[in-house]
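So you can see what is in the structure, the chains are spelled out below.
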Amino acid sequence: IHFILLFSRQGKLRLQKWYTTLPDKEKKKIIREIVQIILSRSQRTSSFVDWKDLKLVYKRYASLYFCCAVEDQDNELLTLEVVHRYVELLDRYFGNVCELDIIFNFEKAYFILDEFIIGGEVQETSKKTAVKAIEDSDMLQETVEEYMNKPAF
Amino acid sequence: MPAPIRLRELIRTIRTARTQAEEREMIQKECAAIRSSFREEDNTYRCRNVAKLLYMHMLGYPAHFGQLECLKLIASQKFTDKRIGYLGAMLLLDERQDVHLLMTNCIKNDLNHSTQYVQGLALCTLGCMGSSEMCRDLAGEVEKLLKTSNSYLRKKAALCAVHVIRKVPELMEMFLPATKNLLNEKNHGVLHTSVVLLTEMCERSPDMLAHFRKVNNSFSQLVPQLVRILKNLIMSGYSPEHDVSGISDPFLQVRILRLLRILGRNDDDSSEAMNDILAQVATNTETSKNVGNAILYETVLTIMDIKSESGLRVLAINILGRFLLNNDKNIRYVALTSLLKTVQTDHNAVQRHRSTIVDCLKDLDVSIKRRAMELSFALVNGNNVRGMMKELLYFLDSCEPEFKADCASGIFLAAEKYAPSKRWHIDTIMRVLTTAGSYVRDDAVPNLIQLITNSVEMHAYTVQRLYKAILGDYSQQPLVQVASWCIGEYGDLLVSGQCEEEEPIQVTEDEVLDILESILISNMSASVTRGYALTAIMKLSTRFTCTVNRIKKVVSIYGSSIDVELQQRAVEYNALFKKYDHMRPALLERMPVMEKVTTNGPAEIVQTNGETETAVLETKPPPSGLQPANQANDLLDLLGESDITPVIPTAPTNKRASVGGELLDLLGDLNLTGSPVSVPAPQIAQPPFLLDGLTTQPLFNDIAAGIPSITAYNKNGLKIDFTFERSNTNPSVTVITIQASNSTELDMTDFVFQAAVPKTFQLQLLSPSSSVIPAFNSGTITQVIKVLNPQKQQLRMRIKLTYNHKGSAMQDLAEVNNFPPQSWQ
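Residues numbered from 1 in each chain as written. Chains lettered and ligands numbered in written order. Predicted model: local features only at pLDDT ≥ 70, side-chain atom pairs only at ≥ 80, totals over all residues. Heavy atoms only, no water.

Novice: What's the story with the overall build of chain A in this structure? I'm lost.
Specialist: Across its full length, chain A carries five helices and seven strands. In chain A, the succession of helices and strands from N to C terminus is β-β-α-β-β-β-α-α-α-β-β-α. Looking at chain A as a whole, 62% of its 153 residues are labelled buried. Sequence separation of 24 or more characterises 47% of the internal contacts of chain A that already satisfy a separation of 6 or more. A total of about 6,500 Å² of accessible surface is found on chain A, and carbon and sulfur atoms cover 49% of it. (Helix = DSSP H or I, 4+ residues; strand = E, 2+ residues; numbered from the N terminus. Buried < 20%, exposed > 50% of the residue type's maximum accessible area, 1.4 Å probe, protein only. Contact = heavy atoms within 4.5 Å. Areas by Shrake-Rupley, 256 points an atom, 1.4 Å probe, with all protein chains shown as cover.)

Novice: I keep staring at the overall build of chain B and nothing clicks. Help me out?
Specialist: Each helix and strand counted, chain B has 33 helices and 12 strands in total. In chain B, the share of contacts with a sequence separation of at least 24, taken over all contacts with a separation of at least 6, comes to 69%. A total accessible area of about 34,100 Å² is found for chain B, and carbon and sulfur atoms account for 50% of it.

Novice: I keep staring at the nonpolar core and nothing clicks. Help me out?
Specialist: Looking at soluble globular proteins, one finds that nonpolar side chains tend to be buried together. If you look at the biggest cluster of nonpolar residues, it comprises 276 residues, and the most contacted ones within it are Tyr 86 of chain A together with Leu 263 and Leu 516 of chain B. Ranked by residue count, the leading element in this core is helix H2 (residues 76–94) of chain A, at 11 residues. Counting residues in hydrophobic clusters, the runner-up holds 32 residues, among them Ile 720, Phe 751, Val 757 and Leu 763 of chain B. (Core = buried A, V, L, I, M, F, W, Y, C linked by side-chain atoms within 4.5 Å.)

Novice: Is there a simple way to explain the packing of helix H27 (residues 509–521) of chain B against helix H29 (residues 548–557) of chain B in this structure?
Specialist: Residue and element names in this part refer to chain B. Contact geometry of H27 with H29 gives a least axis separation of 11 Å together with a crossing angle of 10°. Taken as axis vectors, H27 and H29 run roughly parallel relative to one another. Within the contact between the two elements, H27 uses Asp 510, Leu 513, Asp 514, Glu 517 and Leu 520 and H29 uses Arg 550, Ile 551 and Val 554. When grouped by side-chain class, the residues that make up the contact of H27 with H29 number four nonpolar, no polar and four charged. (Axes fitted to C-alpha atoms, helices over the stretch in contact; angles between N-to-C directions. Parallel < 35°, antiparallel > 145°, perpendicular 65-115°, else oblique. Nonpolar A, V, L, I, M, F, W, Y, C, P; charged D, E, K, R; others polar.)

Novice: What's the story with the confidence of the model for chain B in this structure? I'm lost.
Specialist: Should the pLDDT be low somewhere, the predicted coordinates at that spot are not to be read in detail. In this model, chain B carries a mean pLDDT of 76, and residues with pLDDT of at least 70 account for 84%. In the predicted structure, residues 597–705 of chain B sits below a pLDDT of 50 and forms 222 contacts with residues beyond four places in sequence or in another chain. (pLDDT = per-residue confidence, 0-100.)

Novice: Whenever I open this one, the packing of aromatic side chains confuses me. Can you help?
Specialist: One pair of aromatic rings is described through two measures. These are the centre distance and the angle between the planes. Applying the stated rule across the entire model yields 14 aromatic pairs over all chains. On the basis of an interplanar angle of 20° and a centroid distance of 5.5 Å, the ring pair of Phe 7 of chain A and Tyr 65 of chain A is categorised as stacked. Of this pair, Phe 7 of chain A sits in strand E1 (residues 3–8) while Tyr 65 of chain A sits in strand E5 (residues 64–70), placing them 58 residues apart in sequence. Look at Tyr 65 of chain A and you get buried, because its relative accessible area is 11%. Considering the side-chain rings of Phe 751 of chain B and Tyr 803 of chain B, the 6.2 Å spacing of their centres and the 40° angle between planes classify their relative orientation as tilted. Highlighted residues: Phe 751 of chain B in strand E8 (residues 748–758) and Tyr 803 of chain B in strand E11 (residues 797–805), separated in sequence by 52 residues. Taken together, the aromatic side chains of Phe 3, Trp 18 and Trp 51 of chain A make up a single cluster linked through ring pairs. Cation over ring: Arg 35 of chain B sits above Phe 65 of chain B, and NZ or CZ is 4.1 Å from the ring centre. Arg 83 of chain B extends its terminal NZ or CZ atom over the ring of Phe 111 of chain A, reaching a point 4.1 Å from the ring centre. (Phe/Tyr/Trp six-rings, centres within 6.5 Å; stacked < 30°, edge-to-face > 60°. Lys NZ or Arg CZ within 6 Å of the ring centre and 35° of its normal.)

Novice: Got a minute to help me understand the interface of chain B and chain A in this structure?
Specialist: The parts lose accessible area when they come together, and the size of an interface is often stated as this lost area. Residue-level contacts link 70 residues of chain B with 65 residues of chain A. Between chain B and chain A, roughly 6,400 Å² of surface is buried when both sides are summed, and carbon and sulfur atoms account for 57% of that area. The interface formed by chain B and chain A holds nine salt bridges in total. Between Asp 138 of chain A and Arg 83 of chain B there is a salt bridge; the shortest N-O distance is 2.7 Å. (Buried area = accessible area lost by both parts, 1.4 Å probe. Salt bridge = Lys/Arg side-chain N within 4 Å of Asp/Glu carboxyl O.)

Novice: Would you explain the confidence of the model for chain A in this entry?
Specialist: Residues and elements named next belong to chain A. When the pLDDT values of chain A are averaged, the result is 85; 92% of them are 70 or greater. When pLDDT is averaged over each element of chain A, E5 comes out on top at 92 and helix H5 (residues 127–148) at the bottom at 74. Contacts for the low-pLDDT stretch residues 146–151, under 50 throughout, to residues beyond four places or in other chains number seven contacts.

Novice: What exactly am I supposed to notice about the pairing of strand E3 (residues 48–51) of chain A here?
Specialist: Every regular strand shows the same layout, with side chains that alternate between the two sheet faces. Residue and element names in this part refer to chain A. In terms of strand pairing, E3 meets strand E4 (residues 54–61) through four bridges, oriented antiparallel. Across the sheet, the residue bridging to Val 49 is Leu 56, located in E4. Counted between consecutive antiparallel strands, the loop separating E3 from E4 contains two residues, among which Lys 52 sits at a positive phi close to 50°. (Pairing = 2+ DSSP bridges.)

Novice: When you look at a negative patch on the surface in this model, what are you seeing that I'm missing?
Specialist: Taken together, the side chains of Asp 268, Asp 269, Glu 272, Asp 276 and Glu 309 of chain B make up a negatively charged region of the molecular surface. Tracing the backbone through its elements, the reader meets Asp 276 of chain B in helix H14 (residues 268–284). (Patch = residues over 30% accessible without salt bridge, like charges linked within 9 Å, V, L, I, M, F, W, Y side chains within 5 Å. Lys, Arg positive; Asp, Glu negative; His and termini not counted. Charge placed at Lys NZ, Arg CZ, Asp CG, Glu CD.)

Novice: I would appreciate a short explanation of helix H12 (residues 222–235) of chain B in the present structure.
Specialist: Because each turn of an α-helix spans 3.6 residues, side chains separated by three or four positions in sequence point in the same direction. Residue and element names in this part refer to chain B. Compared with an ideal rise of 1.5 Å per residue, which puts 14 residues at 20 Å, H12 spans 20 Å between its outermost C-alpha atoms and is within 8% of the ideal. Along H12, the positions that sit buried rather than exposed are Leu 222, Val 223, Gln 225, Leu 226, Val 227, Ile 229, Leu 230 and Leu 233. Contact partners of the buried residues in H12: helix H10 (188–204), helix H11 (206–213), strand E2 (247–248), helix H13 (250–264) and H14. (Expected span 1.5 Å × (residues − 1).)

Novice: For this particular structure, what's the right way to read the sheet that holds E1 of chain A?
Specialist: Residues and elements named next belong to chain A. The antiparallel open sheet is built from five strands, whose spatial order is E2-E1-E5-E4-E3. The outermost strands of the open sheet, each flanked by one partner alone, are strand E2 (13–18) and E3. On average, each strand axis in the sheet is inclined to that of its neighbour by 20°, with strand direction left out of account.

Rendered as structure tokens:
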């Protein structure tokens, strides 16, 4: 996977994870372009778009679009499963996740993503294990907080 | 200074902004506060401030001043700080900033931290955005962690290693020992990431690949291991942890299949070891949900790529066929993509699904349509060409503009290769020109013209149909160009109503000129098209009988046209009328059959026999100044006999310092795309042999059809037949048409035919139709030889053939002695 984008139906970016190095300007341009392409696709088309030398795999969940850019030899159908798994993880962690959860807790969304995917590849295929790792890390955070008696951010 | 506001507060506040300007204002205010807070080196709230900065960064605002702060957070002892710090590093820093190298030491320390979650953070960050320098420095640490027994860390270390290898491929060797035991793990996370690591190594280095395939090394053989793991996954019962819609850990299954693909590619032993499991997966996987199909898809890709047995391949193609019928668009898309990849190798199997593929042309999804179109073109062959063309023409009618150009080109190509009859071919071309006329590529026009000249017997039919087509509507430029050219060439056939194929229409010369003139005047006509039209009008001056004055008038009007191209032509044509009227018939006479131009390249010239054009009216008498002297030497060397004169193939006559030279150039340059066209040359000397061409009769006389044809050469699958015609104007001339065919299973390319005759004869070799003889007798090369035999001696000939076949250059000499007496007596 080269990058993952989450954006709303109005085209507002909710999460961006890049697994390749690109200048900031370039990233912005790409985001604009891709958001436009995907938002203009009708309901009845497939979930795959050829874009430059990559394939865009996208799926809409409620008001959020999840978009992954994969290489030519990657399995598109499996990428759809990857996206779905990520949504399931979010759901499990937040409990009935909705877009607002991701807006207000974006850093947690990133943490969850980082427990699922590293360097563009899946690292953990068990839902239980991934979520447990996040929860344990959270515990760590609060423990430190407690001891230091400082407010969490 | 009051405590900086919390992150959630900020988010809430910003979301209340009603305009972009309001939002910007809030952000700027907060940024200022954050900046001053950073300046104060406040440790307590740094974490909070950086988090806010990251949020603002996501909204699109600059946040680079936070980069150093991220580093400070990473260096902090608090876990909360580290978490945000590393996140910030991944979002704000990348290898192009010099600052990032400062991270290296922190990461190194954290990789050895006592808490696994801190180690995890470090590994994750390194694995996502580590630069080559960082990777080089820290590879050792990663390798150490790869061997740990802690599966949480091991899996992360494996993916980190993948990233290191991608950044610094030379370090791959270093991770090799650690991979030994990776697959012995039970933990799926580790298994998955290990498979990814192995895949990366095998893909990058053929040495690694060979290493992993080997039987006798300390690693237990990789393929059986993978097969075993895969088998367990499929056979094992329900495991809630890894289950997805009834399938156990599909992610792992797919990755294993992919690794098997790489291992089995071009390797018989490995492929054999995996045949069974592939068959098992292919038949046992549930197809009702996307998950199952994802696995099947990967399985099919693997089967097609390795050296699988044919039964398995058929199974794979059938799976793809089933996919095509699936309601889910994604699955159809994936099926079409795979079929496109396999159509070359398993053509027959894919043919079976042709009707489904053709149905996909009517799908609504653009990507599916495109793939269906490409696949359809790949599947067209001699048997199904009529049916397929019908579908494709219908598709051309209704598809999006972005497809039309490709579709039109594809249709032309396919029609050329598989046309069952000339008439069908012309009809198809006409259909394309009228439906998608403006989308036809520019280089198609000269190709079409060349095609039309080749089908001699269809000229009347063609010109009639083209005339009818532009009568109603002359806006489609390529159509108008082709039509103008044809009317110019064959206008006489049009008015004389000679059409055999269909009802001839009654057209007067004036009507024809009317239409050509309206093309000239019309605003819709491009400059190129106007050029075609003017030249056509000029040519008609020799073909029409009653309207020459009208033509003269038109031509003189355009002598003052604003368009320079038109003006030049008109002026020169005027000159032709006034000063060189005696040459006009010769110059404007019917074009001979043109040399074939490769249809794919942009107006490339296929050089055969060292010629670039066919100048039938070559004026140079044989002994003097031969241009293709090298050609002659070739044969001389070869033949080495004194009683045989070398052949004189027709020579290029581009720039001639003869009278009216510039006229020649102009007349010859009909196609502005630059592909060469025959240049009829004015006659200076008149050797008897070449007078044949002067009249406006067609090249070949259909009289003297009674001469039997012979097979001149038949060896190694190459057969050359000679058919004969005698000229009724000159009894010493025999016209031989050679046809070369190829019965082997591979095409013969760069085919060159050369011939030599005894001294008393003269030989003229015209351009061949192409230089490729397709395999399985599916097509022929034709070439015309004219032999002058004034002394009526027995015809003998030596021929030399050179071509490329099965990757090697072939060459052969032969003597032809079996000419029937009627061909030379």
